[in-house]
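# Understanding the architecture of this molecule
For reference, the chains in residue letters:
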Amino acid sequence: MDLGIDVSSSQHLHITPTLKLGIQIMAMSSLELQGFLAGALSENPFLTFAEEDGGALKLGEAAFDEVPVRQRPSETGPDPFASFELRESPQSPDELLDTMPQRSGSLEQSLYEQLCLELHRDKDLEIARHLIFGLDERGYLFIDTATLATGLSVTQDHVEWVLKKLQTECTPAGIGARSLPERLIAQLEAVGDADPLARHIIGTRLEELADGRFARIAGELHIPVAEVKEIFERLRKLDPNPANMADGLRRCILPEIEVFQQRGRWKVRVKEGAFPQVLIDQALVDAIDPSAMDKASARRMMALLHGAEGVIRAVDLRRASLIAVSATVVDAQAAFFSEGPTGMRPLTMLEVATEAEVSEATVSRIAQHAFLETPRGTLPLRGFFTSGVGAASNASGEDASAVAVKQAIQQIVDAEDKAHPVSDAQIVDALEERGMNVSRRTVNKYRTALGILSRSKRRKY
């Protein structure tokens with residue numbers, strides 16, 4: 001056996017607790033940050049919220065109430081978050097079921113609370129919890145009722161009865177359906193519409209009805225065309241995706257940045273009360289004498305103090321980065337605020353990162369949950385990052401934004417003669433007249449993304 005020494009080099013990536021905390025805070029929404037800080041204050045006695053009369057020490061303090069476009073986050077130190085991603089650990093179904101009734105503000109909690117008013121037996125509520133957990137992001141039920149019945153030792157009819165309560169007695173109506181026809185029928189039942197003809201047409205001829213083939217349906221069912229059109233108009237008032245109605249229950253939006261116009265220029269400023277002011281409790285720092293403690297207690301106090309300083313620095317860096325990114329985005333998309341969606345120009349995160357002097361990863365994290373309060377409504381920051389459309393260009397020769405092209409397509413379709421809808425080729429010609437050179441394939445792609453049906457399906461007979 002030969003003995004020897006082997007020398008090799010390798011690189012290892014080590015994420016410190018401070019860096020990990022900074023990454024987490026950078027990606028938080030405003031409400032998530034407030035919840036995190038509330039928990040941090042309950043665990044760390046050195047942290048406190050600011051009071052109007054002062055009396056506490058804040059690290060990295062800076063005045064950002066009204067921010068010019070060129071403001072940089074460099075006052076809080078360099079941006080260390082260049083290439084790391086935050087992933088939350090998955091939660092098991094059992095944990096979700098156990099905590100569902102306590103998840104404040106969620107769609108699941110709202111549905112469960114509504115069913116608690118309708119169902120009074122423990123077994124019914126147990127079935128209801130499993131059904132609610134079995135909803136996908138669109139509000140459809142993806143679990144099999146027969147399998148659920150076997151697992152809970154109840155009959156399938158019992159599960160179906162609870163499911164019917166979920167579909168028709170809860171808001172939004174139609175939640176928990178297994179198909180589009182079942183969802184529409186449940187919404188009709190929820191408003192007391194028990195028309196058997198409407199149910200029959202939804203269950204057997206929904207596609208033909210959506211295509212506007214009223215005469216064919218009327219002829220095959222031996223009913224007047226006007227009756228088919230009346231059913232169609234009733235169905236148009238229903239929502240094929242009621243989970244969208246519950247977005248306000250799923251997530252509460254709290255914008256942190258306000259966009260306003262001053263002397264012809266668009267600027268940003270921090271919304272009052274949007275950023276929690278977290279401070280070091282200087283009175284507690286002054287009252288502690290490490291020399292009077294044993295070594296273990298002194299080390300623990302210093303660890304808590306350093307931890308509190310790390311939280312404040314991370315919050316300050318997030319605040320400064322959000323302001324710098326928002327200001328850069330608003331400056332780049334000024335035409336949008338003045339002209340509307342047609343003024344949106346292509347903008348990438350790399351462009352913003354370069355201008356704001358932060359990393360592209362930081363821009364991505366900041367934009368993930370940030371919202372701006374603008375004269376055109378409360379808008380997600382990520383919505384201002386749009387791609388250019390290949391050969392599409394505007395009158396100035398610059399690439400046209402995908403948002404601007406989509407807006408133009410929507411306007412063209414809205415203005416069409418419903419008896420003779422425009423084709424994709426005609427939309428291409430209309431866009432060219434507006435100075436946008438877009439291919440027919442791109443028009444088809446954007447029309448589909450906007451939820452606009454094909455020419456034949458838009459025609460009204």
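Here the focus is the overall build of the protein. Within the protein, the regular secondary structure consists of 21 helices and nine strands. Taken over 461 residues, the protein has a buried fraction of 42%. A separation of at least 24 residues holds for 66% of the contacts in the protein among residues at least 6 apart in sequence.

Going through the model one piece at a time under the given rule, you end up with 19 salt bridges. Taking the shortest distance from any N to any O, the salt bridge between Glu 182 and Arg 178 comes out at 2.8 Å. Relative accessible area serves as the criterion here: at 18%, Glu 182 is assigned to the buried category. Given a relative accessible area of 36%, Arg 178 falls into the partly exposed group. The network of salt bridges with common partners includes Asp 193, Asp 195, Glu 230 and Arg 234.

Attention shifts here to the environment of Gln 333. Position of Gln 333 among the secondary structure elements: in the loop between helix H14 (295-332) and helix H15 (334-339). Residue Gln 333 is classed as buried on the basis of its relative accessible area of 0%. Other than its neighbours up to four places away in sequence, Gln 333 contacts Gly 343, Met 344, Arg 345, Leu 347 and Phe 384.

One finds Ile 257, Val 325, Val 329, Leu 381, Phe 384 and Phe 385 to be the most contacted residues of the largest nonpolar core, which totals 33 residues. Put simply, the parts of the chain that give this core at least two residues each are strand S3 (257-262), strand S4 (265-270), H14, H15, helix H16 (349-356) and helix H17 (360-369). The dominant element in this core, judged by the number of residues it contributes, is H14, at eight residues. Excluding residues within four positions of it along the chain, Leu 381 makes contact with Leu 322, Val 325, Ser 326, Val 329, Ile 366, Ala 367, Ala 370, Phe 371 and Leu 372. Membership of the second largest hydrophobic core comes to 22 residues, among which are Tyr 112, Ala 149, Val 154 and Leu 163.

Residue alternation in S4 divides its side chains into a buried set, Trp 266, Val 268 and Val 270, and an unburied set, Arg 265, Lys 267 and Arg 269. Where S3 and S4 come together, six bridges link them in antiparallel fashion. Paired with Val 259 across the strands is Val 268, a residue of S4.

One way to put it is that H14 packs onto H17 with a least axis distance of 10 Å and a crossing angle of 90 degrees. The orientation of H14 with respect to H17, classified from their angle, is roughly perpendicular. Two secondary-structure elements touch here, H14 through Arg 318, Ser 321, Leu 322 and Val 325 and H17 through Thr 362, Val 363 and Ile 366. Here the contact of H14 with H17 is built from residues that sort into four nonpolar, two polar and one charged.

A word on the confidence of the model for the protein. Looking at the protein, pLDDT values average 78 and 81% of them are 70 or higher. No element of the protein has a lower mean pLDDT than helix H3 (residues 93-99), which averages 38, and none a higher one than S3, which averages 91. The low-confidence segment residues 52-105 (pLDDT under 50) makes 103 contacts with residues lying over four places distant or belonging to another chain. Throughout residues 245-250 the model reports pLDDT below 50, and contacts reaching past four residues in sequence, or to other chains, amount to 14 contacts.

With that settled, consider helix H9 (residues 196-210). Most pronounced at Thr 204, the bend in H9 amounts to some 85 degrees. All of the buried residues in H9 are Leu 197, Ala 198, Ile 201, Ile 202, Arg 205, Leu 206, Glu 208 and Leu 209. Looking at the buried positions of H9, the neighbouring elements they touch are helix H8 (180-190), helix H10 (214-221) and helix H11 (225-236). Looking at where H9 begins, the residue whose side-chain oxygen comes 3.0 Å from the main-chain nitrogen of Leu 197 is Asp 195. In the segment just after H9, Gly 212 is the residue with positive phi, at about 80 degrees.

Let's shift gears to the packing of aromatic side chains. What the rule picks out here adds up to five aromatic pairs. Taken together, a centroid distance of 5.1 Å and an interplanar angle of 55 degrees make the contact between Phe 214 and Phe 232 tilted. With Phe 214 in helix H10 and Phe 232 in helix H11, the pair connects residues that are 18 residues apart, well separated along the chain. Each member of the pair Phe 214 and Phe 232 is classed as buried. Three or more aromatic residues joined by ring pairs make a cluster, and in this case those are Trp 266, Phe 336, Phe 337 and Phe 384. When the ring centre of Tyr 140 is taken as reference, the NZ or CZ atom of Arg 183 above it lies at 3.8 Å. The ring of Phe 336 has Arg 376 sitting right over it, with the charged end atom 6.0 Å from the ring centre.

The next subject is the pairing of strand S6 (residues 371-374). Residues in a regular strand project their side chains so that they alternate between the two faces of the sheet. When S3 meets S6, the two strands line up parallel, connected through two bridges. Paired with Glu 258 across the two strands is Glu 373, which belongs to S6. Both S6 and strand S7 (residues 377-380) contribute to a ladder of four bridges, which runs antiparallel. Residue Leu 372 lies in a different strand from S7, and its bridge partner there is Leu 379.

About the thresholds
- Residues numbered from 1 in each chain as written.
- Predicted model: local features only at pLDDT ≥ 70, side-chain atom pairs only at ≥ 80, totals over all residues.
- Heavy atoms only, no water.
- Helix = DSSP H or I, 4+ residues; strand = E, 2+ residues; numbered from the N terminus.
- Buried < 20%, exposed > 50% of the residue type's maximum accessible area, 1.4 Å probe, protein only.
- Contact = heavy atoms within 4.5 Å.
- Salt bridge = Lys/Arg side-chain N within 4 Å of Asp/Glu carboxyl O.
- Core = buried A, V, L, I, M, F, W, Y, C linked by side-chain atoms within 4.5 Å.
- Pairing = 2+ DSSP bridges.
- Axes fitted to C-alpha atoms, helices over the stretch in contact; angles between N-to-C directions.
- Parallel < 35°, antiparallel > 145°, perpendicular 65-115°, else oblique.
- Nonpolar A, V, L, I, M, F, W, Y, C, P; charged D, E, K, R; others polar.
- pLDDT = per-residue confidence, 0-100.
- Bend = angle between axes of the 7 residues up to and from the residue.
- Polar contact = N/O pair within 3.5 Å; in protein donor to acceptor, adjacent residues only side chain to side chain.
- Phe/Tyr/Trp six-rings, centres within 6.5 Å; stacked < 30°, edge-to-face > 60°.
- Lys NZ or Arg CZ within 6 Å of the ring centre and 35° of its normal.

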